[in-house]
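What follows is the residue order along each chain.
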Amino acid sequence: MGNLMGSWRYKEPSTVEECDSTWETDSESDEHQPGGEEEDSGISESMSPADSVRGAEQLDHGSPQFGDMMESSTRMKRSFYAAKDLYKYRHSYPNYKEPRQPNEYRNLRFYLNKIPLVPDGIYIEEILTKWRGDYEKLEHNHTYIQWLFPLREQGLNFYAQELTQDEIKEFQSTREAKRRFLLAYTIMLDFFGIKLLDKNGNVARAPNWQDRFQHLNESQHNYLRITRILKSLGELGFESFKLPLVRLLLEEALVEGTLPNMRHSALEYFVYTLRQHAQRRALLRFAQRHYHPPENFIWGPPKKKRIPASGSTGTRVGRNEAVERSAGKARSPREGRNNWEVEDTDERKSGEWKTAKGSKVLQEGRGRVDLEEYIETIPL
């Protein structure tokens, strides 16, 4: 039996539907599985460097031309490239061949301040101490993002080394690296107009949100960076931080109207970095309620699953609502769930955050020293 199971290989996905298991069960069954995450599906090949470059070019999903084309088309379609790319990510790149060169853990050494990023020759401590609030530098420098948020795939900076499974394990067990990684995350959040609120990854508008949201809405190449950041969070032990960020961006794009140009990227890319089926379903149901025109929403369940069996309407609706509530409510720190509700916008707008007993509050106007003290309180 062991040999038979070991030789079993799934077919390489060839359609968007094969890449997307979000609505496969559309039930609470996966809530009772450890993590409710997708399992490896035995992808038979990895992306070549040439494919990676072409894919990165295709991944410019924030370009105005692409957005206009998608919105004006009467028959909108999802991107197969995006679906396949995120399918591989969610399944931890099964059968991905680790780099052949000797493993030096260059990403970890960079975060331990032992080597600089290449080609700029900048150390992580310089970025953490001098780059916060330097929005011109963060906007126009295109080499640092692959070092700050490494992945198990090649980016456009070929000096940056891909993560390996062994390096990921070492990184996750190194407190100093994780502390600096969180500081780098807060710098990028501030660049986007967002602030980190607590150790669960909850986020809200930062004091500078108006100017930064306007910039983010116009400089859509940053959507590529957000996709990378979300992926890297999951690789380096902060999977639970994704849901609050994606939820905030969806709300700003679809409800508040502050980031209208982001809505396609958020739905096509950001949502699908989440590994838990129920979390993706909850986000997509939320998005579907606020998407206009509703007939252009292409991320919902297949039509055949929207039609309940005779006499089961009430049961189906109740079950779907239960799934959405279960994905949104915090259950325990061990499960890593995050607390967000559709109506909880006033607290976010006010810039205030009420914590549980014993937690520190990260309020508006705090400087770098307080931020570092706050990061120190997060158990890593």
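Residues numbered from 1 in each chain as written. Predicted model: local features only at pLDDT ≥ 70, side-chain atom pairs only at ≥ 80, totals over all residues. Heavy atoms only, no water.

The end-to-end C-alpha distance of helix H16 (residues 277-290), which contains 14 residues, comes to 20 Å, matching closely the 20 Å that a straight helix rising 1.5 Å per residue would cover. Taking burial as the measure, the 14 residues of H16 include 11 buried ones, the bulk of the element. Turning to H16, its buried residues number three or more, namely His277, Ala278, Gln279, Arg280, Arg281, Ala282, Leu283, Leu284, Arg285, Phe286 and Ala287. (Helix = DSSP H or I, 4+ residues; strand = E, 2+ residues; numbered from the N terminus. Expected span 1.5 Å × (residues − 1). Buried < 20%, exposed > 50% of the residue type's maximum accessible area, 1.4 Å probe, protein only.)

Scanning the entire structure with this criterion turns up 18 aromatic pairs. A centroid spacing of 5.9 Å and a plane angle of 55 degrees characterise the contact between Tyr93 and Tyr96, whose relative ring orientation is tilted. The same class applies to Tyr93 as to Tyr96, namely buried. The structure contains a cluster of three or more aromatic residues connected by ring pairs, namely Phe110, Tyr111, Trp147, Phe149, Phe171, Phe181, Tyr185, Phe238 and Phe241. In this structure, Arg247 is placed above the aromatic ring of Phe286, and the distance from its NZ or CZ to the ring centre is 3.7 Å. Between Arg275 and the ring centre of Tyr89, over which it is positioned, the NZ or CZ distance is 4.4 Å. (Phe/Tyr/Trp six-rings, centres within 6.5 Å; stacked < 30°, edge-to-face > 60°. Lys NZ or Arg CZ within 6 Å of the ring centre and 35° of its normal.)

For the protein chain, mean pLDDT is 76; residues scoring 70 or higher make up 63% of the total. Contacts from residues 28-34, a stretch scored under 50 in pLDDT, to residues over four places away or in other chains number 11 contacts. Segment residues 310-369 is flagged for pLDDT under 50; beyond a separation of four residues in sequence, or across chains, it makes 98 contacts in the model. (pLDDT = per-residue confidence, 0-100. Contact = heavy atoms within 4.5 Å.)

A word on unusual backbone geometry. In this structure, the amide linkage connecting Val118 to the following residue, Pro119, adopts the cis form with an omega of 15 degrees. Tracing the backbone through its elements, the reader meets Pro119 in the loop between helix H6 (106-111) and helix H7 (124-130). Unusually for a residue other than glycine, Ser92 sits at a positive phi of about 60 degrees. Looking at the element boundaries, Ser92 is found in the loop between helix H5 (80-90) and H6.

This part covers the packing of helix H13 (residues 222-235) against helix H14 (residues 242-256). Packing of H13 against H14 brings their axes to within 10 Å, and their N-to-C directions diverge by 160 degrees. If you check the angle between H13 and H14, you find them roughly antiparallel. Residues Ile226, Leu230, Leu233 and Gly234 of H13 form the contact with H14, whose own contacting residues are Lys242, Leu245, Val246 and Leu249. The class makeup of the residues in the contact of H13 with H14 is 6 nonpolar, 1 polar and 1 charged. (Axes fitted to C-alpha atoms, helices over the stretch in contact; angles between N-to-C directions. Parallel < 35°, antiparallel > 145°, perpendicular 65-115°, else oblique. Nonpolar A, V, L, I, M, F, W, Y, C, P; charged D, E, K, R; others polar.)

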